[in-house]
Amino acid sequence: MTEQPTSPPGSRRRPLVLLLFGGRSSEHGISVVTAGAVLRAIDRTKYDVLPVGITQDGRWVLTADDPGRMAMADRRQPTVEQLTDTGRGTVTVSVDPTDRTAVRGERGTEPKVLGEVDVVFPVLHGPYGEDGTVQGLLELSGIPYVGAGILASAVGQDKEYMKRVFSSFGLSVGPYLVIRPREWQSDAAGARARIHRFADGYGWPLFVKPARAGSSIGITRVEGPPGLEDAIAEAHRHDAKIIVEALVQGREIECGVLEFPEGPRASVPAEIPAPGTGAYYDFTAKYLESTPGVVPAALTDSQTSEVRRLALKAFDAASCEGLVRADFFLTAEGQFVINEINTMPGFTPVSMYPQMWQASGIGYGELVDRLLQAALRRTTGLR
């Protein structure tokens with residue numbers, strides 16, 4: 001088990017990074033994989049690291065600083081529970097902004113101070129982590145953190161409001177329909193009828209998704225009416241609010257945005273090749289089969305400039321900070337339609353965001369360092 005990090009005797013104290021991962025969402029395992037990659041990459045001559053996992057029931061626990069145990073094994077995702085001891089001790093950070101200490105406590109024992117936290121790197125995906133909840137806690141605690149703030153995190157997690165924000169800033173979005181929990185509970189038949197009218201207008205297939213989930217979890221491509229009920233049930237397994245999207249015919253193009261001292265920059269774009277007729281870039285393709293992206297994407301100079309411009313526009317529209325992966329469709333007519341942004345994208349070395357920056361001249365270790373430095377430059381609170 002990790003002990004309190006210490007800098008060499010006589011040296012100036014290195015910043016202490018609390019690496020926060022796991023979480024209560026269905027993306028728990030992917031977060032653990034991401035954390036393992038970040039642990040390998042953090043420069044231990046510049047930073048001390050405190051790995052803290054959030055269990056699937058929501059406890060914050062001290063974990064082993066062992067990236068080798070945080071990888072996929074036989075297509076099985078790792079968990080925080082596998083990285084900690086069997087005790088019930090939990091890690092807490094104070095909500096007093098004058099006190100940044102992290103403490104580990106267990107019933108019947110004296111609490112142990114783990115160190116004064118300088119910055120949190122929350123490699124959390126999905127609800128209860130990437131959606132503004134943890135960011136709000138860290139704002140109360142006065143601890144700087146990597147990535148988007150409360151508003152941008154919430155907008156980036158909720159596909160409905162993300163699309164509303166993008167539309168208001170003049171970005172093109174595809175046709176969509178939202179079914180909120182109250183509507184489904186009070187008039188499920190009417191909600192189904194709305195979906196069918198939407199399909200009458202835009203045609204099949206449709207994509208039925210949880211409105212507030214990521215990593216392509218809970219998404220179903222529905223080819224016609226017979227598959228709709230199962231798709232709705234699958235989406236509802238992950239979120240009470242669902243979104244239905246029409247098919248946008250086009251190439252899938254992604255672009256990364258990274259915050260530099262002088263402002264955000266966009267990476268070279270990448271393309272996700274179509275996985276086959278009737279298929280799409282789902283969870284299996286992303287994480288279990290490691291479907292390779294093409295970096296850089298085969299675009300004209302003007303198309304490359306345009307998608308980079310639009311990625312930066314999306315970054316600003318949602319008031320993002322730190323990093324974003326912006327995903328687009330490039331239609332046959334040459335129009336870029338934004339699909340979504342991800343404020344904490346997959347971050348293993350083979351994930352698309354690090355690959356795009358690698359192709360832009362910034363390797364994985366430098367990328368991690370730049371994100372930490374950007375967070376350390378910022379203050380918490382209104383900015």
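These lines cover the structure that appears in this document, whether it is placed above or below. Source: prediction; values computed, not measured.

## Section: the overall build of the protein
Then comes step 1: Looking only at helices and strands, one finds 11 helices and 16 strands in the protein.
Then comes step 2: When its C-alpha atoms are laid out on the principal axes, the protein stretches across 70 × 50 × 45 Å.
Then comes step 3: Across the protein, the fraction of contacts at a sequence separation of at least 24, relative to all contacts at a separation of at least 6, is 67%.
Then comes step 4: Taken as a whole, the protein presents about 16,400 Å² of accessible surface, with 50% of it coming from carbon and sulfur.
Then comes step 5: One way to put it: in the protein the 40 positive side-chain charges average out to a point 2 Å from where the 46 negative ones average out.

## What to know about the layout of surface pockets
One way to see where empty space is left: roll a probe the size of a water molecule over the atoms.
Then comes step 1: In this model, the second largest pocket occupies a volume close to 250 Å³.
Then comes step 2: Forming the boundary of the second largest pocket are Glu139, Tyr145, Gly149, Ile150, Leu151, Ala152, Ser319, Glu321, Gly381, Leu382 and Arg383.
Then comes step 3: Sort the elements by how many residues they give to the lining of the second largest pocket and helix α3 (residues 150-157) lands first, with three residues.
Then comes step 4: Residue composition of the lining of the second largest pocket, grouped by class: five nonpolar, three polar and three charged.

## Here we look at the packing of aromatic side chains
Two aromatic rings, taken as a pair, are described by how far apart their centres are and by the angle between their planes.
Then comes step 1: Tallied over the entire structure, the rule returns six aromatic pairs.
Then comes step 2: Here phenylalanine 121 and phenylalanine 347 contribute two aromatic rings whose centre-to-centre distance is 6.2 Å and whose plane-to-plane angle is 70°, an arrangement assigned as edge-to-face. Residue phenylalanine 121 is found in strand β7 (residues 119-122), and its partner phenylalanine 347 is found in the loop between β16 (336-342) and α10 (352-359); the two are separated by 226 residues along the sequence.
Then comes step 3: Phenylalanine 121 sits in the buried class, given a relative accessible area of 0%.
Then comes step 4: Measuring from centroid to centroid gives 6.1 Å for phenylalanine 260 and tryptophan 357, while their planes differ by 50°, and the two rings are tilted. Taken as a pair, phenylalanine 260 in strand β12 (residues 251-260) and tryptophan 357 in helix α10 lie far apart in primary sequence, 97 residues in all.

## Digging into the sheet that holds strand β3 (residues 60-62)
Then comes step 1: The strand order across the open sheet built from four strands is β3-β2-β1-β7, with neighbouring strands paired in mixed fashion. Both outer strands of the open sheet, β3 and β7, are each paired with one neighbouring strand and no more. Between one strand and the next, the sheet's axes are offset by a mean angle of 30°, whatever the strand orientation.
Then comes step 2: Sheet topology places strand β1 (residues 16-22) next to β7; four bridges connect them, and they run parallel. Note on β7: the bridge partner recorded for leucine 20 is proline 122.
Then comes step 3: Contacts between helix α11 (residues 364-377) and the sheet are confined to β1 and β7, with β7 contributing the most and set at about 130° to the helix.

## Quick look at the pairing of strand β15 (residues 323-330)
Then comes step 1: β15 sits mainly inside the fold: eight of its eight residues count as buried.
Then comes step 2: In β15, alternate side chains face the same way, and those of Leu323, Arg325, Asp327 and Phe329 on one face and Val324, Ala326, Phe328 and Leu330 on the other are all buried.
Then comes step 3: Bridging between β15 and β16 involves six bridges; their strand directions are antiparallel. Bridged to phenylalanine 328 within β16 is isoleucine 338.

## Observations concerning the pattern of salt bridges
Then comes step 1: Summed over all chains, the structure comprises 26 salt bridges.
Then comes step 2: A salt bridge links arginine 14 to aspartate 48; its shortest N-O distance comes to 2.8 Å. With arginine 14 in the segment before β1 and aspartate 48 in strand β2 (residues 48-54), this residue pair connects regions lying 34 residues apart in the sequence.
Then comes step 3: Judged by its relative accessible area of 15%, arginine 14 is buried.
Then comes step 4: A relative accessible area of 8% means that aspartate 48 is categorised as buried.
Then comes step 5: A salt bridge links lysine 241 to glutamate 160, with the shortest nitrogen-to-oxygen separation between them at 2.8 Å. Note that lysine 241 is positioned in the loop between α7 (228-236) and β11 (242-246) and glutamate 160 in helix α4 (residues 159-168), a separation of 81 residues in sequence.

## With respect to the sheet that holds strand β10 (residues 220-222)
Then comes step 1: Spatially, the four strands line up as an open sheet ordered β8-β11-β9-β10, and their pairing is antiparallel. The strands lining the two open edges of the sheet, one partner per strand, are β8 (176-179) and β10. Strand-to-strand twist of the sheet, defined as the mean angle between neighbouring strand axes without regard to direction, takes the value 25°.
Then comes step 2: Taken strand by strand, α7 contacts β9 (206-210), β10 and β11, and its axis lies near 25° from that of β9.

## Focus: the state of the cysteines
Then comes step 1: Here the structure, examined in full by the defined rule, presents zero disulfides.
Then comes step 2: The thiol sulfur of cysteine 255 is not disulfide-bonded, and the nearest other cysteine sulfur, from cysteine 320, lies at 13 Å.
Then comes step 3: On the basis of relative accessibility, which here comes to 0%, the residue cysteine 255 falls in the buried class.
Then comes step 4: Residue cysteine 320 is classed as buried on the basis of its relative accessible area of 8%.

## Considerations on α4
Then comes step 1: Taken as a whole, α4 has its buried residues at Lys159, Glu160, Met162, Lys163, Val165 and Phe166.
Then comes step 2: For α4, the elements touching its buried residues are α3, β8, β9, β11, α9 (301-317) and β16.
Then comes step 3: The distance from a side-chain oxygen at the start of α4 to the backbone nitrogen of glutamate 160 is 3.0 Å, and the residue carrying that oxygen is aspartate 158.
Then comes step 4: One or two positions beyond α4, positive phi appears at glycine 170, with a value near 85°.

Rules and cut-offs
- Here the residue index of a chain counts from 1 through its sequence in written order.
- For a predicted model such as this one, the threshold for reporting local features is a pLDDT of at least 70, and the threshold for listing and counting side-chain atom pairs is 80 or more; totals across whole chains, interfaces and linings nevertheless cover every residue.
- Only hydrogens and water are set aside; all other atoms, that is, all heavy atoms of the structure, feed into the side-chain values.
- Under the DSSP-based scheme used, a helix requires at least four consecutive residues in state H or I and a strand at least two consecutive residues in state E, with every element numbered from the N terminus.
- Any pair of residues with heavy atoms lying within 4.5 Å of one another is described as a contacting pair.
- Calculation of accessible area relied on Shrake-Rupley with a 1.4 Å probe; when residues are assessed, cover is drawn exclusively from the protein chains displayed.
- We count Lys and Arg on the positive side and Asp and Glu on the negative side, and we leave His and both chain ends out.
- Charge positions come from single atoms, namely NZ of Lys, CZ of Arg, CG of Asp or CD of Glu.
- Think of a 1 Å grid over the protein atoms and nothing else: a 1.4 Å probe that fits but is trapped marks a cavity, an open set flanked by protein within 12 Å on at least five of seven lines marks a pocket, and residues with an atom within 4 Å of a point count as lining.
- Grid points are joined across faces, edges and corners, and a volume is the space filled by probe spheres set on the points.
- In this count, Pro and Cys sit with the nonpolar residues alongside Ala, Val, Leu, Ile, Met, Phe, Trp and Tyr, while Asp, Glu, Lys and Arg are called charged and the others, Gly among them, polar.
- Stacked, edge-to-face and tilted labels apply to pairs of Phe, Tyr and Trp rings (six-membered ring for Trp) whose centres lie within 6.5 Å, assigned for plane angles under 30 degrees, over 60, and everything in between, in that order.
- A 1.4 Å probe rolled over the protein chains alone gives each residue an accessible area, and that area as a share of the maximum for its type sets the label: buried under 20%, exposed over 50%, partly exposed in between.
- A strand pair is defined by DSSP finding two or more bridges across the two strands.
- A fitted line through C-alpha atoms serves as each axis, taken over the contacting stretch for helices, and the angle formed by two N-to-C directions is quoted from 0 to 180°.
- Between Lys or Arg on one side and Asp or Glu on the other, a salt bridge is scored when a side-chain nitrogen of the former is within 4 Å of a carboxyl oxygen of the latter.
- Here, the term disulfide refers to a pair of cysteine sulfur atoms separated by no more than 2.5 Å.
- In the analysis that follows, any N or O atom pair within 3.5 Å is treated as a polar contact, provided that within protein one partner can donate a hydrogen and the other can accept it, and provided that, for residues neighboring in sequence, both atoms belong to side chains.

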